[in-house]
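Spelled out, the chains give:
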Amino acid sequence: MLSFILVMLAIGGAFLLSHPGVKGKIGEFWIGRYLRDLDQNEYKVFHNLLIERKNGKTSQIDHVIVSPYGIFVIETKNFKGWIFGSEKSQYWTQVIYKRKHKFYNPIHQNYGHIKVIEEVLREKIDVPIISIIAFSQRATLKSIDVQADNVKVIYDKDIVRTIEQYSEIVINKLQFRGIVELLSVNKIEEKGANREHIAQVKQMQQEAAVSVEAGICPKCGGELVVRTGKRGRFTGCSGFPRCRFIVTK
């Protein structure tokens, strides 16, 4: 009986750890551990920052660090396998053995988070914002093409070293206090807010799927048309290059 219980617990634990939400929290946990090594007198760290946008929707940001050297916005990816992607492509690829899985470009995802931070700052404080995509060490970054100086794609263990590479003071003490205050005032801490955010994201995904079925681009509202690219025919937005949305299987 005891061995049966242990087997069931092991199966349950494996299932739980494979859940995307749980894997994401584990990735955020390890980044949080690494960020403890930052000098608390110079760096103010926000974890799991949930902010309401001007349009009434919410945005959840894994980690935001305010420092005299800029604002760092971190998106964590607790993935395994080989990772391929470029700064401009809409989707990246995860390869585990012979299985391929496409996921939304995390640089584009984090750009959305940066726009939220800019909304909070109300464009009154113009400071450098650095986008960092941190993959767990379970992943292998095989081919990552990033040209922008303010975008970094790294392993989570390198997070502190990457942040500390920025040493030029670009935010004065008054600006620092103002940014921290604005983020603190605008963050949502109500019980159940994260559940509402997750439900909102799922609803947006469902609405996007309906739009695609109707031949409408869920990103800009344009018409979806069949186009021909380097890799053959595909369905994308007629608003290209202004809108680069493509339909993926």
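Residues numbered from 1 in each chain as written. Predicted model: local features only at pLDDT ≥ 70, side-chain atom pairs only at ≥ 80, totals over all residues. Heavy atoms only, no water.

Draft legend 1. Examining the overall build of the chain more closely. Broken down by element type, the chain carries six helices and 11 strands. The proportion of buried residues among the 249 residues of the chain is 37%. When contacts within the chain are restricted to residue pairs at least 6 apart in sequence, long-range pairs at least 24 apart make up 55% of them. For the chain, the exposed surface amounts to about 15,800 Å²; the carbon and sulfur share of it is 54%. (Helix = DSSP H or I, 4+ residues; strand = E, 2+ residues; numbered from the N terminus. Buried < 20%, exposed > 50% of the residue type's maximum accessible area, 1.4 Å probe, protein only. Contact = heavy atoms within 4.5 Å. Areas by Shrake-Rupley, 256 points an atom, 1.4 Å probe, with all protein chains shown as cover.)

Draft legend 2. Highlighting the environment of Cys-220. Residue position: Cys-220 is located in the loop between α6 (193-213) and β10 (224-229). Residue classification places Cys-220 among the partly exposed residues on the basis of a relative accessible area of 35%. Taking the C-alpha atoms as reference, Cys-220 lies 8.5 Å from Cys-237; in sequence the two are 17 residues apart. Non-local contacts of Cys-220, meaning those with residues more than four positions away in its chain, are made with Cys-237, Arg-242 and Cys-243.

Draft legend 3. Structural context of the nonpolar core. In terms of nonpolar packing, the biggest core is built from 20 residues, with Leu-49, Val-64, Ile-71, Ile-117, Ile-179 and Leu-183 touching the most fellow members. Going through the elements one at a time, β1 (44-52), β2 (58-67), β3 (70-77), α3 (106-121) and α5 (173-186) are the ones with two or more residues in this core. A total of five residues in this core trace back to one element, the largest contributor, which is α3. (Core = buried A, V, L, I, M, F, W, Y, C linked by side-chain atoms within 4.5 Å.)

Draft legend 4. Structural view of the sheet that holds strand β8 (residues 139-145). Spatially, β6-β5-β4-β8 is the arrangement adopted by the four strands of the open sheet, whose pairing is mixed. Looking at the sheet topology across the chains shown, the edges are occupied by β6 (99-104) and β8. For this sheet the average axis-to-axis angle between neighbouring strands, irrespective of direction, equals 20°. Running at roughly 20° to β6, α3 makes contact with β5 (91-96) and β6 of the sheet. (Pairing = 2+ DSSP bridges. Axes fitted to C-alpha atoms, helices over the stretch in contact; angles between N-to-C directions.)

Draft legend 5. Looking closely at the environment of Arg-227. You can see Arg-227 is positioned in strand β10. A sequence separation of 11 residues divides Arg-227 from Ser-238, and the C-alpha atoms of the two residues are 8.8 Å apart. With residues near it in sequence (within four places) discarded, Arg-227 still touches Gly-232, Arg-233, Phe-234, Gly-236, Cys-237 and Phe-240.

Draft legend 6. Quick look at α5. An ideal rise of 1.5 Å per residue puts 20 Å on 14 residues; α5 measures up with 20 Å between its terminal C-alpha atoms. Within α5 the residues assigned to the buried category are Ile-179, Val-180, Leu-182 and Leu-183. An end-on view of α5 places all buried positions within 160° of arc, on one side of the element. Within α5, the exposed residues directed more than 90 degrees away from the buried face are Lys-173, Leu-174, Arg-177 and Val-185. Residues of α5 that are buried in the fold lie against β1, β2, β3 and α3. A distance of 3.1 Å separates the backbone nitrogen of Leu-174 from a side-chain oxygen at the start of α5, and that oxygen is part of Asn-172. (Expected span 1.5 Å × (residues − 1). Arc of directions from axis to C-beta. Polar contact = N/O pair within 3.5 Å; in protein donor to acceptor, adjacent residues only side chain to side chain.)

Draft legend 7. Quick look at the sheet that holds strand β9 (residues 151-155). With mixed pairing, the five strands of this open sheet are ordered in space as β1-β2-β3-β7-β9. Edge strands, defined here as strands with exactly one partner in the open sheet, are β1 and β9. Neighbouring strand axes in the sheet, compared pairwise and without regard to direction, differ in orientation by 30° on average. Across eight bridges, β1 lies against β2 in antiparallel orientation. Counterpart to Phe-46 in the pairing with β2 is Val-64. Packed onto the sheet, α3 meets β1, β2, β3, β7 (129-135) and β9 and runs at close to 140° relative to β3.

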